[in-house]
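Structure at a glance
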Amino acid sequence: MGREVVERKVPELDLRPLSNALGAEVCGLDITGEFTAAQTAAIRGAWNEHHILLFRDVDWSPAEHISFSRLFGELDIHEATPFDRLEGYPELLEVTNKPKNGKPSETRNTGRNWHSDYAYTNRPSASSMLYCVEKPPVGGDTMFCNMVRAYDELSPTMKEIVEGLHAVFDFSLVGRQNSEKTAELRLLNPPIAHPAVRVHPESGLKALYVSERASHFHGMSKAESRPIIDYLCRHATRHENVYRHSWHTGDLVLWDNRTTMHVALADFDQTKPRRMLRTTLLGEPSGFLVPKADEAA
Ligand SMILES: O=C(O)CCC(=O)C(=O)O
Ligand SMILES: [Fe+2]
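Analysis parameters
- Residues numbered from 1 in each chain as written.
- Chains lettered and ligands numbered in written order.
- Predicted model: local features only at pLDDT ≥ 70, side-chain atom pairs only at ≥ 80, totals over all residues.
- Heavy atoms only, no water.
- Helix = DSSP H or I, 4+ residues; strand = E, 2+ residues; numbered from the N terminus.
- Rg over C-alpha atoms; globule rule 2.2 N^0.38 Å.
- Contact = heavy atoms within 4.5 Å.
- Areas by Shrake-Rupley, 256 points an atom, 1.4 Å probe, with all protein chains shown as cover.
- Lys, Arg positive; Asp, Glu negative; His and termini not counted.
- Charge placed at Lys NZ, Arg CZ, Asp CG, Glu CD.
- Phe/Tyr/Trp six-rings, centres within 6.5 Å; stacked < 30°, edge-to-face > 60°.
- Lys NZ or Arg CZ within 6 Å of the ring centre and 35° of its normal.
- Near = heavy atom within 4 Å.
- Polar contact = N/O pair within 3.5 Å; in protein donor to acceptor, adjacent residues only side chain to side chain.
- Nonpolar A, V, L, I, M, F, W, Y, C, P; charged D, E, K, R; others polar.
- Donors = N, O, S within 2.8 Å, 3.2 Å for Na, K, Ca; no water.
- Buried < 20%, exposed > 50% of the residue type's maximum accessible area, 1.4 Å probe, protein only.
- Pairing = 2+ DSSP bridges.
- Axes fitted to C-alpha atoms, helices over the stretch in contact; angles between N-to-C directions.
- Core = buried A, V, L, I, M, F, W, Y, C linked by side-chain atoms within 4.5 Å.

Before going further, it helps to spend a moment on the overall build of the protein chain. Within the protein chain, the regular secondary structure consists of seven helices and 17 strands. For the protein chain, the C-alpha radius of gyration of 19 Å lies close to 19 Å, the compact-globule estimate for 297 residues. Dimensions of the protein chain, computed from the C-alpha atoms along their principal axes, are close to 60 × 50 × 35 Å. Sequence-distant contacts in the protein chain: of pairs separated by 6 or more residues, those separated by 24 or more amount to 79%. Surface accessibility of the protein chain: about 13,500 Å² in total, with carbon and sulfur atoms responsible for 53%. Charged side chains of the protein chain number 34 positive and 41 negative; the gap between the two group centres comes to 4 Å.

In structure tokens form, the structure reads like this:
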């Protein structure tokens, strides 16, 4: 027997801003169960406007997390980081500091610098949905910044310069600690260049696409690129352009990787468990691999 379609007045979503820069909480909406196309479109519209949506007190199964995520696009099965996927659910990445099979988890330091998910692949992620299962008593926060505002607030001349650039994303800059494993993953995900300004396919908004994982701009040396990358990251992550999320169990945060960056803070006692589950929506194919010679420049 199919599940009943719950009557929800989603087109009149109860939205509360999370910060001045970005983000909104969607209040009073049960997101388990089925959605009509109109309801999904209403959530999508709010998401495109606010870049980040928060749902609280979500109590669902891995299968429900996956089916809700699929309403918004095709899911990645995390082949670019083929570890810590939930047993039987490759669509769910477990981001946790809890040991796996008696060994430290691969994801225990995931996201420790400002980034957009999977920028180092040729299908940079469109968006991610992170669900908090277990959290430390204090800390373990995640910060998000608005890359549409970051672009908008550049001078006209800087906008023109950046629009002509391709940023090269390098896996060795993801901030992992195990260098052997990092080298192995860099072979799987060789440096790739993407336009430094991207146009959101649905909203048409332009957003800066540069992060702390960009090594240089294609056709420029690292020495030439560094000050510009550093400036753009500093500019994008100014306090007033950031929302800092302090997690509660049952929180689900949806972020758009085309219009935001995020960073997972190590501001907690690492002996306390933190466990999150993430679905990742595939973005449009983008970018070109960087020839070895150029890479060394
Ligand atoms: O653990 C977090 O808060 C986020 C980690 C991260 O960067 C991600 O899951 O994409
Ligand atoms: Fe991330």
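Here the narrative resumes, following the displayed structure.
This model, assessed by the stated rule, comprises ten aromatic pairs. Linked through ring pairs, Phe 35, Trp 47, Phe 55, Trp 60, Phe 68, Phe 72 and Tyr 131 together constitute an aromatic cluster. The ring of Tyr 209 carries Arg 198 above its face, with NZ or CZ at 4.4 Å from the centroid. In this structure, Arg 278 is placed above the aromatic ring of Tyr 118, and the distance from its NZ or CZ to the ring centre is 5.7 Å.

Around ligand 1 sit Val 95, Thr 110, Gly 111, His 115, Asp 117, Leu 130, Thr 142, Trp 255, His 262, Ala 264, Arg 274 and Arg 278, and those are all the residues in its vicinity. In the model, an oxygen atom of ligand 1 is placed 3.1 Å from a nitrogen or oxygen of the His 262 side chain. The side chain of Arg 274 places a nitrogen or oxygen atom 2.8 Å from an oxygen atom of ligand 1. A total of 290 Å² of accessible area belongs to ligand 1 in isolation, and the protein chains cover 100% of it. Broken down by class, the residue content of the shell around ligand 1 amounts to four nonpolar, five polar and three charged.

The next point concerns the coordination of the iron ion (ligand 2). The protein atoms that coordinate the iron ion (ligand 2) are His 115 (NE2), Asp 117 (OD) and His 262 (NE2), at distances of 2.1 Å. Written as a sequence motif, the donor residues of the iron ion (ligand 2) are H-x1-D-x144-H. Overall, His 115 belongs to the buried group, its relative accessible area being 3%.

Moving on: the environment of Trp 247. One can find Trp 247 in the loop between strand 13 (242-245) and strand 14 (252-256). A sequence separation of 107 residues divides Trp 247 from Gly 140, and the C-alpha atoms of the two residues are 7.4 Å apart. The contact partners of Trp 247, leaving out residues within four places of it in the chain, are Leu 130, Cys 132, Lys 135, Gly 140, Asp 141, Thr 142, Val 253, Arg 274 and Met 276. One polar contact links Trp 247 to Thr 142, side chain to side chain, over a distance of 2.8 Å.

We now examine the sheet that holds strand 7 (residues 142-146). Pairing in this open sheet of three strands is antiparallel, and the strands run 13-7-15 from one edge to the other. The open sheet has two edge strands with one neighbour each: strand 13 and strand 15 (260-264). The sheet shows a mean angle of 20° between the axes of neighbouring strands, direction not considered. Relative to strand 15, strand 7 runs antiparallel, the two being bridged by five bridges. When the sheet's bridge partners are listed, Cys 145 is paired in strand 15 with Met 261.

Another point: the nonpolar core. In this structure, Met 147, Val 162, Leu 208, Val 210, Phe 217 and Leu 232 are the most contacted members of the largest nonpolar core, which totals 38 residues. Of all the secondary-structure elements, those providing two or more residues to this core are strand 7, helix 3 (147-152), helix 4 (156-163), strand 8 (166-169), strand 11 (206-208), strand 12 (214-217), helix 6 (222-236) and strand 15. The contact partners of Leu 232, leaving out residues within four places of it in the chain, are Leu 154, Met 158, Val 162, Leu 208, Val 210 and Phe 217.

Here we have four strands laid out as an open sheet, ordered 12-8-9-17, and antiparallel in their pairing. With one partner strand each, in any of the chains shown, strand 12 and strand 17 (288-289) form the two edges of the open sheet. With three bridges connecting them, strand 8 and strand 12 associate as antiparallel partners. Following the sheet pairing, Phe 169 is matched in strand 12 by Ala 214.

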